[in-house]
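Spelled out, the chains give:
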Amino acid sequence: MGFNCGIVGLPNVGKSTLFNALTATAAAEAANYPFCTIEPNVGRVAVPDDRLSTCARLAKSAKIVSTQLEFVDIAGLVRGASQGQGLGNQFLGHIREVDAIAQVLRCFDDENVVHVEGSVDPLRDAETVETELMLADLESLERRSIAAQKRARGGEREAKAQMEIIEPVLAALRDGRPARTVAIPEDRQRDLKTLQLLTAKPILYIANVDEASAADGNRDSERVAKYAAGHGAPSVVISAAIEAEVAGLDDAEEKREFLQTIGLDETGLDRIIRAGYGLLELVTFFTAGPKESRAWTVTSGSKAPQAAGVIHTDFEKGFIRAETIAYGDFVACGGEQGAKDAGKMRLEGSEYIVQDGDIMHFRFNV
């Protein structure tokens, strides 16, 4: 799996329409009323990567297997969700289970699609969702703090260490700042994750515009871009309606021509994937051979044995070495044999950090 991303936002901002387009399914009901998504819908999509096709061509692979992303369509939040309004508690629980948040913001006017707040204002909507998530985190963390403080006073070292994380995050939440804004040392990031805070998750803002604004955006999407940049987050402009039309086309050339007519050279899915990869600091490596060429995803900074473990746990347990070719060398040399002949295949050990685009073959013994 590449990553697990929850699509969130207020009701009727285009979440389910986007989800359906991204996954090319009708699994989520896109209806013009709040809470049309009662259970989170999960869809997996292949990650488009031209490098994989090139690897397959050079390796003369019989099969191509892309890495995948998982999107979770989570029902709309409303004001008071942290206090159980709407279906708040249930939905907040679903958000806790995802790795990252893609917040869809409505940047289009349509009198036929009601807005739960009565008007279109993407920044107000963003702050409404963020506030509800912060309130939920604050309540959860205050409860944890009381219990941890008691244990810390009793001399428990683990509780004292936990309070070193809880206290600065609590201070930020009380000050109206999400947990992700708190500078936590790299070696304590795992401790932060154990708190399961909603606002500690990385966030991507998706400005959902009308079809006419799909190529260049509009005034509201520009406001979203500035807002996202001010919060250190990426943003993407898409038109969920356009994405739905593209998803309905079967032929790749037909999709390309359709996008070109509206001034686009790629789908919103591609932009969301690229932003998501950057958000979670993910890299792709490849395995390529006559049987198949396959793309795999690991977190940036992963070492060779961890990458081997993504393929099979036995590969990691019995890791010996990784035969590695940089993607550029693989292409320039015409494939694996050419890279070997040119001395471009490297034998990497257990401390090697996987680079984006590496073509790897693992040697192991169990």
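This text goes with the structure placed above it.
Residue numbering note: each chain is counted from 1, following its sequence as written. Per-residue local features of the predicted model are confined to residues with pLDDT of at least 70, and side-chain atom pairs are confined, for both listing and counting, to 80 or more; whole-chain, interface and lining totals are unaffected and use all residues. For side-chain calculations, the full set of non-hydrogen atoms in the structure is used, while hydrogens and water are omitted.

Sorry if this is basic, but what is going on with unusual backbone geometry here?
Glycine aside, the phi torsion of most residues is negative, and most peptide linkages are trans. Located in the positive-phi region is Gln196, a residue other than glycine, with phi close to 55°. Numbered from the N terminus, helices here are DSSP runs of H or I no shorter than four residues, and strands are runs of E no shorter than two. Turning to its location among the elements, Gln196 is positioned in the loop between helix 6 (189-193) and strand 6 (203-209). We classify Gln196 as partly exposed; its relative accessible area is 44%. For Glu281, which is not glycine, the phi torsion reads 55° and is therefore positive. Burial status follows relative accessibility: with a 1.4 Å probe on protein chains alone, a residue under 20% of its type maximum counts as buried, one over 50% as exposed, and anything between as partly exposed.

For this particular structure, what's the right way to read the packing of aromatic side chains?
Any aromatic ring pair is given by two values, namely how distant the centres are and how the planes are angled relative to each other. Pairs were defined over the aromatic rings of Phe, Tyr and Trp, the Trp ring being its six-membered one, requiring ring centres within 6.5 Å. Orientation was assigned from the angle between planes: stacked under 30 degrees, edge-to-face over 60, tilted for the rest. Within this structure, the stated rule accounts for 6 aromatic pairs. Summarising the aromatic geometry, the rings of Phe286 and Tyr327 are spaced 6.5 Å apart at their centres and angled 45° between planes, so their arrangement reads as tilted. Taken together, the residues Phe286 in strand 8 (residues 282-288) and Tyr327 in helix 13 (residues 327-332) connect sequence positions 41 residues apart. The class for Phe286 is buried, based on a relative accessible area of 0%.

What am I meant to see in a negative patch on the surface here?
Excluding any residue in a salt bridge, patches collect residues exceeding 30% relative accessible area, merging like charges within 9 Å and nonpolar Val, Leu, Ile, Met, Phe, Trp and Tyr side chains within 5 Å. Areas reported as accessible are Shrake-Rupley estimates using a 1.4 Å probe. Residue values count occlusion only from the protein chains shown. Salt bridges are identified by distance alone: a Lys or Arg side-chain nitrogen within 4 Å of an Asp or Glu carboxyl oxygen. For the charge count, each Lys or Arg is scored as positive and each Asp or Glu as negative, with His and the chain ends excluded. Taken as the charge centre is NZ of Lys, CZ of Arg, CG of Asp or CD of Glu, depending on the residue. Taken together, Asp250, Asp251, Glu254 and Glu257 make up a surface patch of like negative charges. Among the structural elements, Asp251 can be located in the loop between helix 8 (240-247) and helix 9 (252-261).

Got a minute to help me understand helix 9 in this structure?
What sets the pattern is the α-helix's 3.6 residues per turn: residues three or four places apart point alike. Of the residues flanking the start of helix 9, the one acting as N-cap is Asp251, its side-chain oxygen 3.1 Å from the backbone nitrogen of Glu253. Within two residues after helix 9, Gly263 carries a phi angle of roughly 85°, on the positive side. Definition of a polar contact: a pair of N or O atoms within 3.5 Å, with one able to donate and the other able to accept a hydrogen when the atoms are protein atoms, and with sequence-neighbouring residues admitted only if both atoms are side-chain atoms.

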